[in-house]
Every structure is written in structure tokens, then in C-alpha cells.
Amino acid sequence: MAKSNVSLGGRDILDLESLSVEEIELILKTAEEMKKIMKRDIKKVPSLRGKSIINLFYEPSTRTRTSFELAGKYLGADVVNITTGNSSVVKGECLRDTILTVLWLVFVVFVLLYCIVGAAVYVVNVADPVIINAGDGAHAHPSQGLLDMFTIREQGKSLKGLKMAIIGDILYSRVARTNIAAWNKMGAEVHVAGPMTLLPHDIEALGVTVHKHVEDAIADADVVDILRIQLERQKKGLFPTTREYARIFGINEKRLALAKPDVTVLHPGPMNRGLEISWEVGYCDNAAIRTEVQNGVAVRMALLFLTLTGGKHIENVD
Ligand code: CP
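Caption draft 1: Layout of the site of the ligand. Contacts to the ligand come from Ser61, Thr62, Arg63, Thr64, His141, Gln144, Pro268 and Gly269. In the model, an oxygen atom of the ligand is placed 2.9 Å from a nitrogen or oxygen of the Thr62 main chain. At a separation of 2.8 Å, a nitrogen atom of the ligand approaches a polar backbone atom of Pro268. Across the shell around the ligand, the residue classes tally to 1 nonpolar, 6 polar and 1 charged.

This is the structure in C-alpha cells:
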């Protein structure tokens, strides 16, 4: 792997706004190497041997938690998963004490998923080890943003000048905020559409073109990123019914046909099939949903490797 002057050694990864284009490039290039390891019969290198990683997840997760766990294990680290439902958090232990308790046990890297915006920043002030934000409220999901970019680049598309349409619940979506910031930074053109009630009031300040009709956002798009309707956060009646949402904003084959023929369909998962995405679109040739899941491991391997080794011991990865 080519050497880079950029280093992420010891860095907390809280969002993509605070990473430079060069740092994002380094992560994506390193992920390419990690994907080669994933294709080996024995998916194991010793780069992080002797290091401990704690996956501390305060929210349910399948993809993010499993892929961070696999990523750490493929790189030889000791990985411990703490899901709050099975921890002393249910006895009332606060985030600070939970972090400190784990720190007293081992010197670790924390991967943290928390329901409240700013939780990862708070933990940085409590603990010295590297913190990787696996998602905090509606704020940021940096590893998802990186794996989406990686997936598009792997298809031979350059991010610069690409038209990306993000459809759905922008207000509650950490994926949307992350991707808007990242794709703008990498030179793409970002368009959004969704119910007015699910668009942040300052949406245009994020550097996107807002469309009233989903068809206008999708027209000639290179990438359509379909957001999950977060039913668990929809307690305020911000759209009338799921049926109406599917009718007005759901992405079906007819709507997708408005995009470029080689459009890539992204969805962070889990999908509400028949709501924000039809069954046919979820399974169509343009859907990269399975690849996103697989690339999530490679990108998370790159994040762990770069933050924990500063990109050193490359010889163990090649
Ligand atoms: N994309 C994503 O965050 O999925 P999970 O909720 O399954 O981790």
C-alpha cells in the first residue's frame, strides 16, 4: 500500500466534517487494502494484536455493531461488545461511569453508538483513548458515510460532479447529515426531497438543493440514497400515514427510472420494504445494499487500523 503523509494516528473520529479530503482519501484507500484481506481464506492479520476495542452500543444495531466487531477481530484485536440492555446501565449507571469502569479494566478504543447528539464528543472529554462515533442521535454516522463513498468509488464512479439524491426523513437522519457534509466536501451535487415536516428548517444552509417533488430530486441522479423512516422516532405525527408516505415519497421502479440508467441505489438499512423502498427496488440490479453491508467491514477495519496504528505496521496488512 502506498505511504501517505497524512496520519490519523490517535484521532477520534466523531464526524466527517472534521476530516479533510486527504484524510477521507486515506481511509478509502486503506479500505481497499482491507477488502483484499476480507477476500482471503484466512481473514486475519496481526495489526491490532494486543489492543482492546469496546463496542459500547446504547441503541439497537445489526450492521454497525457486527461490522465493527468483525473489523476488530480481522485485525487481531480483542473485541468486547457492551449492549446497554445487558449492562449495568439498566441499574442506572451513567455514561461517564460506564466509560470509566471499562477504562479501569483495560486501555481501549471505544466505538460508541448513542441516542443523544453529542454523546461521542462528551466521551472524548471523559476518556483518553480513541473514540469512534458509531452514530449519535441525528448528528453523525461517519462510518456509514465512508462506506457509502467507498461503495460508489468501487463502482468506478468519481464522487466529483456526481448528482446524489437523498430521499426521506432528513430531520432525524444522522446518515443524511453525514452524507450531505461528506458528499459536498468531495465535490458531489446533493439534492434532497422529503416531507416538509421531516426537513430541518436550515436545510439549505447545509449546501443542498431542496425539491418539493421526489421525482425532481431523482431526475438524472447518479446515486439515490433512500433513508429509513425511523418509526421508533416518529412519535410526533410528522407524516399522516405510512401508506401516504409510500405513495408520495416511496421509491419504486417507476420513480427510479427517472434517474440515470446506471444509478446506484443506497440504503443504510434496515429497510422498511414497501414504505420508503419497494421490494423491487430493494432487489434490483442497481441496488448496492448488500455491497454497502460488506464494505462496512472494510471501512471500519481501515478506521481502526489508521487511528490505532497511525498507518504504521503497513507490512502486516500487505
Ligand atoms: N446502517 C446502520 O446503522 O444499520 P444498523 O442500525 O443495523 O447498525
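Caption draft 2: The domain arrangement of the protein chain, seen in detail. Domain annotation for the protein chain reports domain 1 (21-141 + 294-317) and domain 2 (156-287). Put simply, the middle of domain 1 and the middle of domain 2, counted by C-alpha atoms, are 27 Å apart. Each partner contributes to the interface: domain 1 provides 14 residues, whereas domain 2 provides 13 residues. The contact between domain 1 and domain 2 buries some 1000 Å² in all, and 58% of this surface belongs to carbon and sulfur atoms. Three residues stand out in domain 1 for area buried against domain 2, namely Arg63, Ala138 and His141, and they jointly supply 44% of the buried area on that side. With a closest N to O distance of 3.2 Å, Glu59 and Arg174 form a salt bridge.

Caption draft 3: Layout of the pattern of salt bridges. Per the stated rule, a full pass over the model turns up 9 salt bridges. Residue Arg11 pairs with Glu23 through a salt bridge whose shortest N-O separation is 2.8 Å. With Arg11 in the segment before α1 (21-38) and Glu23 in helix α1, this residue pair connects regions lying 12 residues apart in the sequence. What makes Arg11 partly exposed here is its relative accessible area of 26%.

Scoring rules and cut-offs
Residues numbered from 1 in each chain as written. Predicted model: local features only at pLDDT ≥ 70, side-chain atom pairs only at ≥ 80, totals over all residues. Heavy atoms only, no water. Near = heavy atom within 4 Å. Polar contact = N/O pair within 3.5 Å; in protein donor to acceptor, adjacent residues only side chain to side chain. Nonpolar A, V, L, I, M, F, W, Y, C, P; charged D, E, K, R; others polar. Domains from an automatic or database assignment. Contact = heavy atoms within 4.5 Å. Buried area = accessible area lost by both parts, 1.4 Å probe. Salt bridge = Lys/Arg side-chain N within 4 Å of Asp/Glu carboxyl O. Helix = DSSP H or I, 4+ residues; strand = E, 2+ residues; numbered from the N terminus. Buried < 20%, exposed > 50% of the residue type's maximum accessible area, 1.4 Å probe, protein only.

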